[in-house]
Amino acid sequence: MDQEKIGRFIQKRRKEKKLTQSELAEKLNITDRSVSKWENGICLPDAGTMPKLCKILNISINDLFSGEIVDMKNNEKKLEENLLEMAKLKEEKDKQLLKLEFVIGYISSVTFLILIFVASFVEMETWLRITLIIIGLIIFAFGLGHAVKIEQTAGYYECPECNYKYVPTYKSVLWAQHIGRTRKMKCPKCGKKSWQKKVISK
Ligand SMILES: [Zn+2]
């Protein structure tokens, strides 16, 4: 996907519709800075804005991703290319997220341990000791909650029984027994409980 080409395309269509950046932004309920970012190829419109943008510019989503009006003959081929590209982008993002999960988990665990250690062994008033322990617990719970959220939403879990890949609920991930990222969960398709591995692509 060529962001710069898409940006130039959005700009061209906007001008053909005789809209300024701020007029387009107003129609979409966003800032004109966002429009300028798209047109300069810095970022793409988010998924929620795309349908309305395409409607205003009178183009299809497929045209938008291609950065040009796709003629009917090439339509299917282009669509396939764009879908593949989107899947690749999602995989990249999921990989980054899982790295972030590790960092969050690591930092919050280490901070927790340091605070508990200090509270246990350093001379201080009781109230300060209790405060440190509470802060430690909050950081730990927050870090853990956040890490589990990332693990739930990034990529998929694969059932070893039927090879079904799916995104489980937050609750089932949070309470599942786990070894690293492999979790013991019930498969929503075959209903069997098994150790399910995290996979990036579907
Ligand atoms: Zn299954």
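Residues numbered from 1 in each chain as written. Predicted model: local features only at pLDDT ≥ 70, side-chain atom pairs only at ≥ 80, totals over all residues. Heavy atoms only, no water.

*Asks:* Got a minute to help me understand the nonpolar core in this structure?
*Replies:* By size, the foremost hydrophobic cluster in this structure holds 16 residues, and its most contacted members are I10, L24, W38, L53, I59 and L64. Secondary-structure elements contributing two or more residues to this core are α1 (3–16), α2 (21–28), α3 (32–39), α4 (50–57) and α5 (61–66). Among all residues touching L64, those that are not within four sequence positions of it are I6, F9, I10, M50, L53, C54 and I59. Counting six residues, the second largest nonpolar core, distinct from the first, contains Y166, V173, A176 and M185. (Core = buried A, V, L, I, M, F, W, Y, C linked by side-chain atoms within 4.5 Å. Buried < 20%, exposed > 50% of the residue type's maximum accessible area, 1.4 Å probe, protein only. Helix = DSSP H or I, 4+ residues; strand = E, 2+ residues; numbered from the N terminus. Contact = heavy atoms within 4.5 Å.)

*Asks:* Even after reading the chapter, I still don't get the packing of aromatic side chains, so can you show me in this structure?
*Replies:* Given two aromatic rings, one states the distance between the centres and the angle between the planes to describe the pair. Under the criterion given, the structure shown has four aromatic pairs. Each ring, one from F112 and one from F140, has its centre 4.7 Å from the other, and the planes form 25°; the classification is stacked. Taken together, the residues span a long stretch of sequence, with F112 in helix α6 (residues 72–121) and F140 in helix α7 (residues 126–153) at a distance of 28 residues. Residue class for F140 comes out partly exposed when judged on its relative accessible area of 28%. An angle of 50° between the planes, with centres 5.0 Å apart, marks the rings of F117 and F121 as tilted. Highlighted residues: F117 and F121, both in helix α6, separated by four residues, approximately one helical turn. (Phe/Tyr/Trp six-rings, centres within 6.5 Å; stacked < 30°, edge-to-face > 60°.)

*Asks:* What should I look at first to understand the packing of α6 against α7 in this one?
*Replies:* Relative orientation and spacing of two packed helices are given, respectively, by the angle between their axes and the distance between those axes. Taken N-terminus to C-terminus, the directions of α6 and α7 make an angle of 165°; their axes are 8 Å apart at the nearest point. Relative to α7, α6 is oriented roughly antiparallel. Of the two elements, α6 crosses α7, and the hand of that crossing is left-handed. Residues that form the contact of α6 with α7 fall into these classes: 18 nonpolar, eight polar and four charged. (Axes fitted to C-alpha atoms, helices over the stretch in contact; angles between N-to-C directions. Parallel < 35°, antiparallel > 145°, perpendicular 65-115°, else oblique. Left-handed = near helix turned anticlockwise from the far one by under 90°. Nonpolar A, V, L, I, M, F, W, Y, C, P; charged D, E, K, R; others polar.)

*Asks:* Please explain the side chain of N62 as it appears in this structure.
*Replies:* Within the fold, N62 resides in helix α5. In contact with N62, other than residues within four places in its own chain, are V70, N75, K78, L79 and N82.

*Asks:* Just checking my understanding: could you explain the coordination of the zinc ion for this structure?
*Replies:* Ideal geometry at a metal gives 109.5 degrees between four tetrahedral donors and either 90 or 180 degrees between six octahedral ones. Protein coordination at the zinc ion: the donors are C159 (SG), C162 (SG), C187 (SG) and C190 (SG), at 2.3 to 2.4 Å from the metal. Geometry at the zinc ion is tetrahedral, judged from the four donor atoms that bind it and their angles of 105 to 115° at the metal. Expressed as a motif, the donor residue spacing for the zinc ion is C-x2-C-x24-C-x2-C. Taken together, the residues C162 in the loop between β1 (156–158) and β2 (165–166) and C187 in the loop between β4 (182–186) and β5 (193–199) connect sequence positions 25 residues apart. Looking at C162, the relative accessible area reads 30%, which means it is partly exposed. (Donors = N, O, S within 2.8 Å, 3.2 Å for Na, K, Ca; no water. Tetrahedral: all angles 85-135°; square planar, octahedral: opposite > 155°, others 65-115°.)

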